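Tertiary structure, described
What follows is each chain in one-letter form.
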Amino acid sequence: MKGSNKVADVIDGKRVAAEIRQEVKQEVEDLRANGVTPGLAVVLVGDNPASAVYVRMKAKACEEAGIYSRVIRLPVETGQGELEAVVDELNADGAIHGMLVQLPLPPQIEERSITWRIDPAKDVDGFHPMNVGRMMIGDPLAFRPATPAGVIELLMRSGYDPSGKRVTIVGRSNIVGKPLSVLLSQKMKGGNATVTLAHSRTPDLPAVLREGDILVAAIGVPEFVKAGAVKPGAVVIDVGVNRVDDPGTEKGYRLVGDVAYEEVSQVASAITPVPGGVGPLTIAMLLKNCIVATRGIAGIA
Ligand code: GUN
């Protein structure tokens, strides 16, 4: 995708996310003109600091877009039955069109049965098996999970259509790697790539990742992807957000991605920063899913 001796272009997730959020704002205005205010509920159990930050950011983004938001904070010792009762209430609440339960959950709660309990029509995370299945078969009614959908949106809007490209992904989580591999290989706009889903047990992992014209890192290990795993000229998308201790900073930590940014930007043609790359897209795509949910529930095409 480019010659040598040039540092990679930086893919600006903040700019792309701002563009999407502006579009969402317009859609919210249209819905309000039809008498419907989209509503999102976010449930946070416990006080995981990273989760608390994400939840605050989601609520703030809703407000800025004109979406009604409700944050339900529950104590860390909340039981399965109590959380299920909250989900049931939100399922039945007419002011709420989308909901999510922030993960991870404390150990006494079985995540699987919570995921199954959320009304698939309000499942803006796209984690309910009904939506996972719909996504798998390319059903346009599926909620696409926000982070993988955000990666595709970021590629498309930055001029890196994955169609016809080799994409290597490292990391096979249900939230990012696995659904991203499905979406990128789908016969649709933003898809049509040839995808390799690699992981911690892939033999000769750097050589496999080096096959990618586009490389996506989503393994959750700080600076895991080194320059030797990157094809010269590749486009590198870093989904990782890792807190590493740094006593020299005010907060005592800093955020680093799953990619060794400095060395990889000497090899890649384009790269996403952390923060400011994929992260802002995740929130923007969640807002988009809220619009989809509201249209579905309110019956507005
Ligand atoms: N934790 C990390 N990412 C996510 C996400 O996309 N949704 C929820 N609910 N929890 C998360």
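Now for a description of the structure that goes with this document. Throughout this document, residue positions are counted from 1 along each chain, in the order its sequence is written. It should be noted that, the model being predicted, local features are given only for residues of pLDDT at least 70 and side-chain atom pairs only at 80 or more, the latter also being counted only at that level, while totals for whole chains, interfaces and linings use all residues. Water and hydrogen atoms were dropped before computing side-chain values, which therefore reflect all heavy atoms in the structure.

**Thoughts on the packing of helix H1 (residues 13-33) against helix H2 (residues 49-65)**
Only the stretch in contact is used when fitting a helix axis, every axis being a line fitted to C-alpha atoms; angles between N-to-C directions are given from 0 to 180 degrees. Each helix corresponds to a stretch of at least 4 residues labelled H or I by DSSP, and each strand to a stretch of at least 2 residues labelled E; elements are numbered beginning at the N terminus. Contact pair H1 / H2: the axes reach a minimum separation of 9 Å and the direction vectors enclose 55°. Classed by the angle they form, the pair H1 and H2 counts as oblique. Taken together, the residues of H2 that come into contact with H1 (itself represented by Arg 21, Val 24, Lys 25 and Val 28) are Ala 61, Glu 64 and Ala 65. Gly counts as polar in this scheme, as do all residues outside two lists: the nonpolar Ala, Val, Leu, Ile, Met, Phe, Trp, Tyr, Cys and Pro, and the charged Asp, Glu, Lys and Arg. Taken together, the residues that form the contact of H1 with H2 break down as four nonpolar, no polar and three charged. If an angle is under 35 degrees, it is roughly parallel; if it is over 145, roughly antiparallel; if it lies from 65 to 115, roughly perpendicular; otherwise it is oblique. In what follows, a contact means two residues having at least one pair of non-hydrogen atoms within 4.5 Å.

**Examining the site of the ligand**
Only heavy atoms are used to decide nearness, and a residue is near a molecule or strand if one of them lies within 4 Å of it. Taken together, Leu 100, Val 101, Gln 102, Leu 103, Asp 125 and Phe 127 make up the full set of residues near the ligand. Burial of the ligand by the protein chains amounts to 81% of its free accessible area of 280 Å². Grouping the constituent residues of the shell around the ligand by class yields four nonpolar, one polar and one charged. Working definition of accessibility: Shrake-Rupley area with a 1.4 Å probe, residue cover restricted to the visible protein chains.

**Quick notes on unusual backbone geometry**
The linkage connecting Leu 103 with the following residue, Pro 104, adopts the cis geometry, with an omega of 5°. Within the secondary structure, Pro 104 sits in the loop between strand S4 (98-101) and helix H4 (111-117). Omega for the bond connecting Val 274 with Pro 275 falls within 30 degrees of zero, at -5°, which places this linkage in the cis form. Even without being glycine, Asn 192 reaches a positive phi, approximately 60°. In this scheme, a residue with accessible area under 20% of its type's maximum is buried, one over 50% is exposed, and one in between is partly exposed, where area comes from a 1.4 Å probe on protein chains only. Judged by its relative accessible area of 35%, Asn 192 falls in the partly exposed class. Of note in this structure, Asp 204 is not a glycine but carries a positive phi near 55°.

**What about helix H6 (residues 146-157)?**
An α-helical segment advances 3.6 residues per turn. Residues three or four places apart therefore align on the same side. One fewer than the residue count of a helix, multiplied by 1.5 Å, yields its expected span. The end-to-end C-alpha distance of H6, which contains 12 residues, comes to 16 Å, matching closely the 16 Å that a straight helix rising 1.5 Å per residue would cover. Taken residue by residue, H6 has Ala 146, Thr 147, Pro 148, Ala 149, Gly 150, Val 151, Ile 152, Glu 153, Leu 154 and Leu 155 as its buried positions. Of the surrounding secondary structure, the elements contacted by the buried residues of H6 are H1, helix H7 (177-185), strand S7 (214-217), strand S8 (235-238) and helix H10 (279-298). Directly beyond the C-terminal end of H6, a positive phi value near 90° is found at Gly 159.

**Points about the sheet that holds strand S1 (residues 9-10)**
Spatial strand order, S1-S11-S8-S7-S5-S6: six strands in an open sheet with parallel pairing. Here the strands that pair on one side only, and so sit at the sheet edges, are S1 and strand S6 (194-198). The pairing of S8 with strand S11 (residues 270-271) spans two bridges and is parallel. Opposite Val 236, over in S11, you have Ile 271 as the bridge partner. Sitting on the sheet, H7 touches strand S5 (166-170), S6 and S7, and the angle it makes with S6 is about 170°. Pairing between strands is defined by DSSP: at least two bridges between them are needed.

**Quick word on the sheet that holds strand S3 (residues 68-74)**
With parallel pairing, the three strands of this open sheet are ordered in space as S3-S2-S4. Each end of this open sheet is capped by a strand with a single partner; those strands are S3 and S4. The sheet shows a mean angle of 15° between the axes of neighbouring strands, direction not considered. Against the sheet, H2 engages strand S2 (39-45), S3 and S4, with an angle of about 160° to S3.

**So, the pairing of S3**
Alignment of S2 against S3, held across seven bridges, turns out to be parallel. When the sheet's bridge partners are listed, Val 45 is paired in S3 with Leu 74. Here is how to tell: hold the view so the strands point away, follow the path from the first strand over the helix to the second, and if it runs clockwise the crossover is right-handed. Where the polypeptide runs from S2 across H2 and back to S3, its parallel neighbour, the crossover connection is right-handed.

**As for helix H3 (residues 80-92)**
Helix length check: H3, at 13 residues, gives a terminal C-alpha distance of 19 Å against a target of 18 Å (1.5 Å per residue), a fit within 8%. By the burial criterion, the buried members of H3 are Gln 80, Leu 83, Glu 84, Val 86, Val 87 and Leu 90. Within H3, the buried residues cover an arc of 155° as seen down the axis, which keeps them to one side. Exposed and facing more than 90 degrees away from the buried side of H3 are Glu 89 and Ala 92. Elements in contact with the buried residues of H3: S2, S3, S4 and H4. In this context, the arc is that of the directions from the helix axis out to the C-beta atoms.

**Observations concerning the pattern of salt bridges**
Side chains carrying opposite charge are able to pair once their charged atoms draw close together. Only one rule defines a salt bridge in this text: a Lys or Arg side-chain nitrogen within 4 Å of an Asp or Glu carboxyl oxygen. A full pass over the atoms with the stated rule returns 15 salt bridges. We note a salt bridge from Arg 157 to Glu 19, for which the minimum N-O separation is 2.9 Å. On the criterion of sequence distance, the pair formed by Arg 157 in helix H6 and Glu 19 in helix H1 is long-range, its members being 138 residues apart. The exposure class assigned to Glu 19 is partly exposed, which follows from its relative accessible area of 33%. For the salt bridge of Arg 117 with Asp 88, the shortest nitrogen-to-oxygen distance reads 2.8 Å. With Arg 117 in helix H4 and Asp 88 in helix H3, the pair connects residues that are 29 residues apart, well separated along the chain. Connected through shared salt-bridge partners, Arg 15, Glu 19, Glu 23, Glu 153 and Arg 157 make up one network.

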